Amino acid sequence: MMNIIFLILAHWLIVLTLAPLFVGVITKVKAFFAGKKGPSVFQPFFDLQRLFQKNSVYSRTTTWVFRGAPIVNLAAVLLLSLMIPLGPFKAPLQFSGDILLAVYILSLARFFMIIAALDTGSSFEGMGASREAFFSCLCELALFMNFITLSLVSHSISLSTMIGADTSLSWNLIGPALLLVAGSFFLVILAENNRIPIDDPDTHLELTMIHEVMILDHSGVDLGFMLYAAAIKLFIFAGILVPIILSIHAGNPIVDMLIFLGGMLGASMAVGIVESTMARLKLNRVKNLLLIAVAVAFFGFVVKMWKG
Amino acid sequence: MERFFQLPWQVPFGEFSLKIDSLSLMFLMAIFILVFCAGVYAVGYMREYQGRRPMGLHIFFYILFSLALVFVVLANNVILFLGAWEMMSISSYFLIVFHDEKPSVRRAGFLFLVASHCGTFLLFLMFFLMAHNGGSMNFDLISHTSFSSGLAGVVFLLAIIGFGVKAGFIPVHIWLPHAHPAAPSHISAVLSGVMIKMGIYGICRVLWILGVLPDWCGYVLLMIGVVSGVMGVLYALGQHELKKLLAYHSIENIGIIALGLGLGLLGESHHMPYLTVLGFGGALLHVLNHSIFKGLLFLGAGAVIQKTHTGEIDQMGGLAKRMPVVSILFLIGAVSICGLPLFNGFISEFIIYFGLFKGLASLPLLGAFGCGLGIIALGLMGSLALACFAKVYGTVFLGQPRSPSAVEPWGKTSSWMIVPMLVLGALCLWIGLFPRRMASLAFLGGGYLSHTDLSSLNMGIIFIPLSFIISALILFIALMVGLFGMRRIFLKGLIPSVRETWGCGFSQSSARIQYTSSSFARLIVELVKSVLLFKREGGEVRDLFPAKIKLTSSIQDASEKFFFRPLFDRLTSLSKKLDIHSIRYTQMYLMYIFLYLIFLLVWKMK
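Residues numbered from 1 in each chain as written. Chains lettered and ligands numbered in written order. Predicted model: local features only at pLDDT ≥ 70, side-chain atom pairs only at ≥ 80, totals over all residues.

Draft legend 1. Broad picture of the overall build of chain B. A tally of helices and strands in chain B yields 22 helices and five strands. Relative to the globule expectation of 25 Å for 606 residues, the C-alpha radius of gyration of chain B, 26 Å, shows essentially globular dimensions. Seen along its three principal axes, the alpha-carbon backbone of chain B occupies a region of about 95 × 70 × 50 Å. Evaluated residue by residue, chain B yields a buried proportion of 52% over its 606 residues. Taking contacts inside chain B between residues at least 6 apart in sequence as the whole, the part at least 24 apart equals 78%. (Helix = DSSP H or I, 4+ residues; strand = E, 2+ residues; numbered from the N terminus. Rg over C-alpha atoms; globule rule 2.2 N^0.38 Å. Buried ≥ 20, exposed ≤ 12 C-beta atoms within 10 Å, placed from the backbone. Contact = placed C-beta atoms within 7 Å.)

So, in structure tokens, the structure goes:
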């Protein structure tokens, strides 16, 4: 019991401190590519601190749904963070079938974000909500396809086991399938967390935004919660990909932690490089990219079934 | 668990034999809960029609309908079953055509009647085939005889089509989207929540009687589940009339139930009892869950339609501020139907997913592909349903009112209507957070259906994950409460100010620039426009100066447009040709009947 509570607190501590840092590293990489010095790696912390001290402005049109969405969002990603292993710390919440709880808790958060966006009665948020609803359909398709392949590989339907927390995934046996899964999952990370080439997290033009425009009307503590939740979600998704790729288990907890942190650093740099070298896709091309992610995942499934 | 009851009955081949067992228990629970709630709701809903319409007739048929539903589930004899089935169809016809001054309602009712009887015709064939093979009209006695593989296959197909018409499988679902908007809301609730489940009950009963089925039957049900589910939710995305949209969602959920039943059948044919119990149990639990949250949604829709006098979503908006209780209850229904955690939809979908993943791991190649397809389809259905209900809830209840009908003053919603919705909402929450009771009943039903002995199985395989889910959800609620408190602390001493929505500098924002239901769903509908037969006319800018433009977009039901309407038109023209020789006088008809009776009498006397 105390073990579980210790694990829960350790998970939340790591996630709450490292997630904004993750976003800071991405910004630093993008600045480096642009030839700039860029903001400090700790800038997201200062932003959150500023937002938590500010007063909120609410729109006359909104109801309790608007005020409740940031809370649902942050609570959902905090719950989700308990389902993945972080370095040497095992996931405190793992059971057979927990991937379904993970996906559907995210869907619950997404549902509330979408209706909070429609709550403002503005066409900007409606635009973001409509796009988010559409792209999430394709993302979930790719996600489920990946989960099918991973569950066949690891013979379980628990997220921790599927990403190779306890036993390393055998890359030498099923390398091609895992490579396809990792590729498809990277595209899903970019899509679900609103990164280029699907969405631009820096611009504030409604024509180019999906996530940013949904939270356009939030302010103060609510906006702080939303940004924090977005950062934690990105961290968690990267935290799912890193153990799949770096399937190394040293017995030593410190070495495991260093491997994990190194992997997360590499993931943030990879995201930063992709964001710096690509432009945002035209909106009607985004669905093609997501369908490519689905196709790649499907091929991973076929390869796995072929190999037996 | 089974109990029998018998009464003497003079009908030839029939016996008044009733049986209640673990299978019928789930359906009976759904019937009693929903019929009672809808009945109480109707007291408030129908108040405005009192004195202007024959209410007694409506109440009479409602009671008859409820009795018929109970007898369909309890019947243990072919003749009793078919008699109750017919009574159910006919009394529901009279309930649907309550607003018979509208031609659309009359047409919808007639289509319902025709579809129901086409299905019943196949059921007659099927039951007589079974009774002939079993040598008796009693379900128990028939179930003890064995069916040859070919006969079992034929009976199965007849059951799928015959009961599928009532259940709403695609492509024989075409009466559903017309009947539900036409009927008064409490009748739509009972139709959608209970009557289409009678089709599922019939299929379950036939599966129980047949026992062993050929292998391909599971795949057929799985495919029907996948197609009905995905097509149902895609059609729903294109709808802008509230009750028609909810009707298409019923088709989607019937697809989920069929998916569970297909999984159970696959488990049966491959001798994997865990798959069987998970599949059938998940399907039966979804039967109960769907009747609860669909009933809640339809009753909520009725409350909205009663006040705004329109079913068009795009005429509503901002109703959450004017009907706060109804909006919260409708939200509960919407979250449940999307299968999101905290409510009951998630539990039954979780059980079916769990079974599908198990099947993916343990079935041979074709079965594994089928299960994989099922998982993909369920995931797709979930996300599309989320998009659809975000659209519905956002357009109806949130934002700004889009038309005068959403702004005009109206009184409070009657408590007669609110209390049943509260009961249904509370049930959704209860089953979502404490599913053990209902889940074990569903597994009992599933075990009974597949003649599996549950005591030999370790049901902890599903109950342990369910208990983890419950603890995770309680932690989630605690997190939400904690974050709410933290926000309170952060905002201590500060009073949030209230302004207009940030419009990026627009000073003349109007309610008309908000997203409508068709614009919200446009991205998805246009992706699959060839499947949905999406047509868009007008809307192009032609001239140099601003002028009035008209834009219409529509989707059409392919099964109705390409198969059934041409078929009905062909039949109508054929029967018109036979009409040349019609008799003009009623007296001639009477004379022919009289002559025929005399002929029968003479023949019998020989």
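Continuing now.
Draft legend 2. How the structure looks around the overall build of chain A. Of the regular secondary structure elements, chain A holds eleven helices and one strand. Ordered by position from N to C terminus, the α and β elements of chain A give α-α-β-α-α-α-α-α-α-α-α-α. Computed over its C-alpha atoms, the radius of gyration of chain A comes to 19 Å, within 12% of the 19 Å expected for a compact globule of 308 residues. C-alpha atoms of chain A, sized along the principal axes, occupy 55 × 45 × 40 Å. The burial tally for chain A puts 61% of its 308 residues in the buried class. Long-range pairs, those at least 24 residues apart, make up 79% of the contacts in chain A between residues at least 6 apart in sequence.

Draft legend 3. Inspection of the interface of chain B and chain A at higher detail. Listed as interface residues are 63 residues of chain B and, on the opposing side, 59 residues of chain A. Class assignment for the residues of the side of chain B that touches chain A results in 46 nonpolar, 13 polar and four charged. Note that strand β1 (residues 57-59) of chain A and strand β3 (residues 497-499) of chain B share three bridges and pair parallel. Considered in β3(B), the bridge of A:Val57 is made with B:Ser497. (Nonpolar A, V, L, I, M, F, W, Y, C, P; charged D, E, K, R; others polar. Pairing = 2+ DSSP bridges.)

Draft legend 4. Examining the domain arrangement of chain B more closely. In terms of domains, chain B is made up of domain 1 (2-475) and domain 2 (558-605). The distance between the C-alpha centroids of domain 1 of chain B and domain 2 of chain B comes to 36 Å. (Domains from an automatic or database assignment.)

Draft legend 5. Representation of the environment of B:Leu151. All names here are of chain B. Inspection of the secondary structure assignment puts Leu-151 in helix α6 (residues 149-167). Between the alpha carbons of Leu-151 and Leu-129 there is a distance of 8.3 Å; along the sequence they are 22 residues apart. Among all residues touching Leu-151, those that are not within four sequence positions of it are Leu-129 and Asn-133.

Draft legend 6. The confidence of the model for chain B, seen in detail. Across chain B, the average pLDDT comes to 90, with 99% of residues at or above 70. For this predicted complex, the interface confidence reaches an ipTM of 0.95, while the overall pTM sits at 0.93. (pLDDT = per-residue confidence, 0-100.)

Draft legend 7. Geometry of the nonpolar core. Among the nonpolar cores identified, the biggest contains 320 residues, and A:Ala142, B:Ala387 and B:Tyr393 are the most heavily contacted of them. Among residues more than four places away in sequence, those in contact with B:Ala387 are A:Ala133, A:Phe134, A:Cys137, B:Leu237, B:Ala521 and B:Ile524. (Core = buried A, V, L, I, M, F, W, Y, C linked by C-beta atoms within 7 Å.)

Draft legend 8. Unusual backbone geometry, seen in detail. Cis peptide bonds are those with omega within 30 degrees of zero, and the linkage from A:Ile196 to A:Pro197 qualifies with 10°. Assignment of secondary structure puts A:Pro197 in the loop between α7 (171-192) and α8 (211-214). The omega torsion across B:Ile170 and B:Pro171 is 10°, close enough to zero to call that bond cis. With respect to the helices and strands, the residue B:Pro171 is situated in the loop between α6 and α7 (176-182). At A:His155, a residue that is not glycine, the phi angle is positive and equals roughly 55°. For A:His155, the position within the fold is in the loop between α5 (123-154) and α6 (159-162). Non-glycine residue B:His271 carries a positive phi angle of around 55°. Position of B:His271 among the secondary structure elements: in the loop between α10 (242-269) and α11 (273-308).

Draft legend 9. The arrangement of helix α11 (residues 283-307) of chain A in detail. Taking 1.5 Å as the rise per residue, α11(A) with 25 residues should run 36 Å; its terminal C-alpha atoms sit 37 Å apart, in good agreement. Within the span of α11(A), buried status applies to A:Val286, A:Leu290, A:Ala293, A:Val294, A:Val296, A:Ala297, A:Phe298, A:Gly300, A:Phe301 and A:Lys304. (Expected span 1.5 Å × (residues − 1).)

Draft legend 10. Representation of the packing of helix α1 (residues 22-45) of chain B against helix α8 (residues 185-210) of chain B. Residues and elements named next belong to chain B. Orientation of α1 relative to α8, taken along the N-to-C sense of each, is 170°, at an axis distance of 9 Å. Taken together, the axes of α1 and α8 are roughly antiparallel relative to one another. Taken together, the residues of α8 that come into contact with α1 (itself represented by Leu-23, Phe-27, Ala-30, Ile-31, Leu-34, Val-35, Ala-38, Tyr-41, Ala-42 and Tyr-45) are Ser-185, His-186, Ala-189, Val-190, Gly-193, Val-194, Lys-197, Tyr-201, Cys-204 and Trp-208. Here the residues of the contact of α1 with α8 are counted per class, giving 16 nonpolar, three polar and one charged. (Axes fitted to C-alpha atoms, helices over the stretch in contact; angles between N-to-C directions. Parallel < 35°, antiparallel > 145°, perpendicular 65-115°, else oblique.)

Draft legend 11. Layout of the packing of helix α3 (residues 64-81) of chain A against helix α9 (residues 221-245) of chain A. Residue and element names in this part refer to chain A. Two elements in contact, α3 and α9, have axes whose closest approach is 9 Å; the angle formed by their N-to-C orientations is 25°. Between α3 and α9, the angle falls in the class roughly parallel. In terms of crossing hand, the pair formed by α3 and α9 is left-handed. Only Asp-222, Phe-225, Met-226, Tyr-228, Ala-229, Ile-232, Lys-233 and Ile-236 of α9 make contact with α3, whose side of the interface consists of Pro-70, Ile-71, Asn-73, Leu-74, Val-77, Leu-80 and Ser-81. (Left-handed = near helix turned anticlockwise from the far one by under 90°.)

Draft legend 12. Representation of the environment of B:Pro409 in the model. Within the secondary structure, B:Pro409 sits in the loop between α15 (365-397) and α16 (415-433). Sequence spacing of B:Pro409 and B:Ala283 is 126 residues, and the spatial spacing of their C-alpha atoms is 44 Å.

Draft legend 13. Structural detail: the environment of B:Thr552. All names here are of chain B. You can see Thr-552 is positioned in strand β5 (residues 551-554). Accessibility expressed as a C-beta count within 10 Å gives 9 for Thr-552, which makes it exposed. Spatially, the C-alpha atoms of Thr-552 and Gly-539 are 7.8 Å apart, while their sequence positions differ by 13 residues. Discounting chain neighbours no more than four positions away, the residues touching Thr-552 are Glu-537 and Gly-538.

Draft legend 14. Highlighting α11(B). Residue and element names in this part refer to chain B. The first and last C-alpha atoms of α11 sit 51 Å apart over 36 residues, in line with the 52 Å expected at 1.5 Å per residue. With 33 of 36 residues buried, α11 is to be regarded as a mostly interior element. At the exit of α11 stands His-309, carrying a positive phi of roughly 55°.

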